[in-house]
Amino acid sequence: MNYGEFGGQYVPQELKEKLNEIAKEFRKAKHNKEFNKEYNYYLKQFVGRPSPLYLAENLTQYAGGAKIYLKREDLNHTGAHKINNAIGQILLAKRMGKTHIIAETGAGQHGVATATVCSLFNMKCTIFMGSEDIIRQRLNVEKIKLLGANVKSVTRGDGTLKEAVDEAFEYFVEHKDVFYLIGSAVGPSPYPEMVKYFQKIIGEEAKKQILKQDKKLPKAIIACVGGGSNSIGLFNDFLKEDVEIFGVEGAGKGLNSGKHACAIYDNKIGILHGMKTYIMQDNSGNVKDAYSISAGLDYPGIGPEHAYLSTIGRVKYDSVTDDEAINAFKIVCKLEGIIPALESSHAIAYGLKIAKKYNKEDSIIVNLSGRADKDIETILNLK
Ligand SMILES: *Cc1c(COP(=O)(O)O)cnc(C)c1O
């Protein structure tokens, strides 16, 4: 599926065949009652959905404007939204008769979610992870191993997420029994569409909850954007409504510092990991290293649907720096008794800023994509 000029399948022929097999099964499964029933069963009984839509009264008072509601994806099993997608894709892999799941991971969050569902469904699991990331994300590496998965260290290039994805694709092409479980709304078709399908539950729930709790739609909804899965998951059900939508990229040390992760702000179209989208590149078209204090936002590209939603002006993409995110992180800890992931802290920082634009009777929803267990070391190292 294409999103305007974005998306597509920029991959070798052998891979195309495997992708099309997945696409065919996915489109069948989407309309299959049993499949959706099973997916919803695990979301409820294993993940703990629906996640609450929490009116953060102290934050609301602090910001001084619209009521701020937090969609609590941090309360999901394994601590973030990623498990929604992992459950969906492994059920699809099972339907296809696959026995070996592979996944890439940067910060380790998607690696933990994937290892978790592989343990649940008794499948062999290999997690590709850059050698640098293995050192930086010790805690998650240990969790992945405890869950029974293998961690494959990727040493080429910078030894980070980008290289881990490349190696996972190569392994995927070479092995017949393998299903590649991608962790964000990125990659070649059908992944962006499929990941959205398994994440759109966030926005479906949030819409029902706000209509019940606040009796009307919110003025605005906000989510952070790494590859773009928690954000498209929240946005999807609101795209046709009269609601302002904001995606927040990681501005790192500032937009002019060159050390950021803002693919849309960078405004260069290119091809990476099988998709055409906005990709951070130098003048000769080499992919630039992204930087953000939060590993989940530290990706040089962005999902193709976001690229499209940006060009048609339906979603406004903006950014928040490391310092602004850390400040919001501390405020939420002190005022709400919630320790948010650094990724989610970007969305909250933006929410605090724009809440003031609206009246007290209005509301906004911020997606609290995950909790901060994985970030505590980073926070401690700041001092
Ligand atoms: C991985 C992650 C993100 C970023 O990924 P998206 O695909 O853009 O959602 C955001 N928040 C948390 C907590 C994460 O673990």
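Being a predicted model, the structure only gives us computed values, none of them experimental.

Chemist: Before we go on, may I ask you to explain the nonpolar core in this structure?
Modeler: Generally speaking, a soluble globular protein has its nonpolar side chains buried in company with each other. Counting 87 residues, the largest nonpolar core has Leu92, Phe172, Tyr180, Leu234 and Ile365 as the members making the most contacts within it. Looking at which element gives the most residues to this core, the answer is helix H4 (residues 82-95), with seven residues. Residue contacts for Tyr180: discarding those within four places in its chain leaves Gln89, Ile102, Ala103, Glu104, Val165, Ala168, Phe169, Phe172 and Tyr191. With 29 residues, the next largest nonpolar core counts Leu59, Leu70, Leu297 and Ala325 among its residues.

Chemist: I tried to follow unusual backbone geometry on my own but got confused; where do I start?
Modeler: With the exception of glycine, the majority of residues adopt a negative phi angle, and the majority of peptide bonds are in the trans configuration. Omega for the peptide link from Arg49 to Pro50 comes to 0°, which places this bond in the cis form. If you trace the backbone, Pro50 turns up in the loop between helix H2 (33-47) and strand S3 (53-55). Ser189 connects to Pro190 through a cis peptide bond whose omega is 10°. As for its position among the elements, Pro190 is in the loop between strand S8 (178-180) and helix H9 (191-199). Positive phi values are uncommon outside glycine, yet Asn122 reaches one of about 55°. One can find Asn122 in the loop between helix H5 (109-120) and strand S6 (124-130). The phi dihedral of Lys215 falls on the positive side, at around 65°, and the residue is not glycine. Inspection of the secondary structure assignment puts Lys215 in the loop between helix H10 (201-213) and strand S9 (220-224).

Here is what the cut-offs are and how they apply
- Residues numbered from 1 in each chain as written.
- Predicted model: local features only at pLDDT ≥ 70, side-chain atom pairs only at ≥ 80, totals over all residues.
- Heavy atoms only, no water.
- Core = buried A, V, L, I, M, F, W, Y, C linked by side-chain atoms within 4.5 Å.
- Buried < 20%, exposed > 50% of the residue type's maximum accessible area, 1.4 Å probe, protein only.
- Helix = DSSP H or I, 4+ residues; strand = E, 2+ residues; numbered from the N terminus.
- Contact = heavy atoms within 4.5 Å.

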